[in-house]
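# Structural overview for review
Chain by chain, the residues run as shown.
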Amino acid sequence: MKAWLKFSPEMVNKAVITDLIKNYDVSFNILRADINPKGGKMLIEINGSEAEKGIEYIEKAGIDVSPVKRVVKKDTDLCIDCGACVSICPVKAIVVEEDWTVDVNDTECVGCKLCTYSCPTKAIKVVE
Amino acid sequence: MKTIEEINQRIKDGDAVVVTAAEMTQIVNENGVDKAANDIDVVTTGTFGAMCSSGAFLNFGHTDPPIKMTKTYLNGVEAYSGIAAVDSYIGATQPSRIPEIGIDYGGAHVIEDLIRGKDIELIASSYGTDCYPLTELKTHINIENLNEAIMVNPRNCYQNYAAAINTTDETIYTYMGTLLPNMGNVSFSSAGALSPLLNDPYFQTIGMGTKIFMCGAEGYVIGEGTQHNTEVQRKNGVPVNGAGTLMLKGDMKQMDPEYVRGATMPKYGSTLYVGLGIPIPILNNDIAQRTAISDEDIVCQIMDYGTPKRSKPVVIESNYKQLRSGSVEIDGVEIETSPLSSYKKALEIALELKSWINKGDFLLTNPVKLLKSEGSSPRPLSIRRQTVLVNEIKSKPLITANPTDDIRDVAKRMVQNSINHLPVVDADQKLLGIVTSWDIANAVAKGKNMLKDVMTKKVVIAREDEPVDVIARRIDKHEISGLPIISKNNRVMGMITAEDISRLMCARNLKDGV
C-alpha cells in the first residue's frame, strides 16, 4: 500500500522508520519526502507479510499515517493516444496497449505529475 | 502496369482492392511483389502528428459600415491581417496575447474550436479610409458564418524526422516534448511504415493536385512544403532524417474534430495535431515494393536536443521497430521511448480512407505536377551580426579560491578585484563550486569561517565555444548573475557575468547606431 506519513516536529529526530524496518518483515520504499526540523511528510510504499503490524507500530509511535487514495485519470475525450507521457513516467505506470491505446495505471502511479504537465492536450489529471 | 483511370473505374465498380500500408508490408512479404502489384490497387497511409507549420485563411465578410481590418484577434490570438480588408491567416503557433494564457491557448486551439463549431470572439481594428470608415469592431464568429475557412498548411507530413534525446544534466522542454536529463528518454515523431511520404519515397505518385484525407475531410496537396529536402542520405530507399514535406489545403467546414487537435508542448508553444492520409495508387512493381517498407527498414537518427544549435549531433541510429518497442539501448542502457504522434489515430485514418475508397466515395486524382524528387535542399539563414562566442568576450583576469580558504581572505580578494563571483577550484584548476558576495555576507551573518561551508556546489557553467546568446538565456533561466567558463578538459578559464553581456550589447548597439 501507499501512504503519506506526517511527522510532527518532535518526531523528526526519532528513528521510528529504522525500527520499523529492523523489527518487522516489510519492504519499504520512499517515493517522496519533504522533512525539515519543523516536521514534514513522506510518501511511502510498504509491502510484506507484516506491513499492517508495521503501520500499527509507527502510528503508535506518533506518526500520522494516511493511506493514499489517489486517482490518476486520463480524459478519453482529450487524449489522442500519442504516448508523449510514456517515457517520462518514472515508475512505468503509463503503457501503450496492444491496440496502441495509452493507458495509465492507478496502482503504480506515485503522483509526481510529470505526465500531467507534459501532456500536449492536458488529458491526464492526478486527484488526491 | 495500371493507370489511375483504370483504378478509379475499379473503385466505381466496387472492384478495387484497397489495403493499408501496414497490411501491404505483410502482403508483399507473403505473396511477393509481382503478385501484390497485380492484386492491390491502392495503399492507404496515415499520420496524426504535431505539425506546427499549419494555419487557416478565414474570410469574415464585410460589415456595414465596412472596415479594413489591420489587426485581428480570435479569442485573444492574433491573426495576420495584412491581406485585403476582411481576410486573415491564423497560424497554429501564435500564442494568446493575454500573458497568463500565452501558449496554453494558441492559433492551433482557435482552429480546433472553429472546427468544433464553437463561437470565437473576433476583435478587429483599423486606421479607417474613405471606403472603409469603421475603425474598430468586436463580435463573434463561427465556422457557419465565416464565408471561407480554408486550412492551408505550408509544411506538413514530414518524410521521416529525427528522434530526440537530451545529454545535458537538466530537463529540457522542446517541440519534441519533455526530454529528461542524462539521456532519460527518447521522443520520436514519425508514424514510420504508415507515414505517407515514406511509402512513396521518390514521389512517384504524389504531387500538386493529389487528393488526400485531411482532418476527416477531402483535402489536396498543393505542392512541396517549405524546407522540402530531397538531398537527405537514404537507407533502404528512404531518408534517414527529415526530408520531403507537403503544402496542403482543405476546407475546414468539412473537417471532423476527431482528426485535428490544438495542443501545447510545455514551455515551447502551441501546435496543431493534423490527421493526414494519402492514397498511393499501385501503378507498377516499384511503387508496390516501396509501399511494402517495414518499421524495421526505416532508419531514424536519435539526435541530442541538449545542443541548442542548428546541427544537432547524432547520438545513435535506430529504426521504428525499435523505437515503437518502448525502449532503445544506448551504451548498454535501456532508454524508454515515447511517440509524439498517435499511431492509433494514424491507423484509424488509414482504415477510414480505405473505407471511403471501398465505398466509392473517394476517387484518386492524377497530380498535375509531381513533387520534386531531386535538387531541393533548404539553405540556412546567415545573420549579419556574427554570433559572439564565450571565449571572444573580454573578461576580467581569472581569480579563484580554494575550498579551505578563510572567508575573510576571500572577502578581501573579492573587494580588491571588485568582483562578485569567485569560482572555487582544486589544485588542478578543476571546478568544485562557486561563491558570490551574497554567499560571503550569508557566511558572516551565520558565523561560518571556511569557504567550502558556504560555496554552491551545483554550478551552472558556460563552455568556451558556446554563443553568448545561449549563455544569456541560461542566466535568465536559472536566475543567476554569472557562470564560470570551463574548458574542454574541464579547467576553469574565467567568469562570464550578466554585466559582461550587457556591456557587449551596449558596444554592439553603439556600433549599429541604435
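Small disclaimer: the values here were computed from a predicted structure and weren't measured.

### Some words on the domain arrangement of chain A
Residues and elements named next belong to chain A. By the assigned domains, chain A splits into domain 1 (2–67) and domain 2 (71–127). Relative placement of domain 1 and domain 2: their C-alpha centres are 28 Å apart. Across the boundary between the two partners, domain 1 contributes four residues, which contact seven residues of domain 2. Roughly 300 Å² of surface becomes buried between domain 1 and domain 2 when both sides are summed, with 43% attributable to carbon and sulfur atoms. Contact with domain 2 buries area across many residues of domain 1, yet K2, L31 and R32 alone supply 89% of it, more than any other trio.

### Brief notes about unusual backbone geometry
Residues and elements named next belong to chain B. With an omega of -5 degrees, the peptide bond running from D64 to P65 counts as cis. The phi dihedral of N182 falls on the positive side, at around 50 degrees, and the residue is not glycine. Structurally, the position occupied by N182 is in the loop between β13 (177–179) and β14 (186–188). Phi at M183 takes a positive value of approximately 55 degrees, unusual for a residue other than glycine. Inspection of the secondary structure assignment puts M183 in the loop between β13 and β14.

### Side note on a negative patch on the surface
All names here are of chain A. A grouping of E52, E56, E59 and D64 is seen on the molecular surface, where their side chains present a negatively charged patch. When residues of the negative patch are assigned to their parent elements, the largest contribution, three residues, is made by helix α2 (residues 51–60). Its place among the elements puts E56 in helix α2.

### Description of the interface of chain A and chain B
Tallying the contact residues gives 24 residues for chain A and 28 residues for chain B. A buried area of about 1,900 Å², summed over both sides, lies between chain A and chain B, and 58% of it is on carbon and sulfur atoms. A per-residue breakdown of the area chain A buries against chain B is headed by I80(A), S87(A) and W100(A), which together make up 32% of the total. Inspection of the region where chain A meets chain B yields two salt bridges. Its salt-bridge partner being D104(B), residue K122(A) comes within 3.2 Å of it at the nearest N-O pair. Inspection of the region where chain A meets chain B yields 14 residue pairs in polar contact (both at pLDDT 80 or more).

### Some details on a positive patch on the surface
A cluster of like positive charges, contributed by K6(A), R32(A), K41(A) and K113(A), occupies part of the molecular surface. Taking relative accessible area as the criterion, K41(A) reaches 37% and is therefore assigned partly exposed.

### Some thoughts on helix α1 (residues 16–23) of chain A
Each turn of an α-helix holds 3.6 residues, which means side chains three or four residues apart point in the same direction. All names here are of chain A. Here α1 has its buried residues at V16, I17 and L20. Looking straight down α1, one finds its buried side chains confined to an arc of 100 degrees; they lie on one side. Exposed residues on α1 whose side chains face more than 90 degrees from its buried face are K22 and N23. Buried-residue contacts for α1 involve β1 (2–7), β2 (27–36), β3 (39–47) and α2.

Calculation rules
- Residues numbered from 1 in each chain as written.
- Chains lettered and ligands numbered in written order.
- Predicted model: local features only at pLDDT ≥ 70, side-chain atom pairs only at ≥ 80, totals over all residues.
- Heavy atoms only, no water.
- Domains from an automatic or database assignment.
- Contact = heavy atoms within 4.5 Å.
- Buried area = accessible area lost by both parts, 1.4 Å probe.
- Helix = DSSP H or I, 4+ residues; strand = E, 2+ residues; numbered from the N terminus.
- Patch = residues over 30% accessible without salt bridge, like charges linked within 9 Å, V, L, I, M, F, W, Y side chains within 5 Å.
- Areas by Shrake-Rupley, 256 points an atom, 1.4 Å probe, with all protein chains shown as cover.
- Salt bridge = Lys/Arg side-chain N within 4 Å of Asp/Glu carboxyl O.
- Lys, Arg positive; Asp, Glu negative; His and termini not counted.
- Charge placed at Lys NZ, Arg CZ, Asp CG, Glu CD.
- Polar contact = N/O pair within 3.5 Å; in protein donor to acceptor, adjacent residues only side chain to side chain.
- Buried < 20%, exposed > 50% of the residue type's maximum accessible area, 1.4 Å probe, protein only.
- Arc of directions from axis to C-beta.

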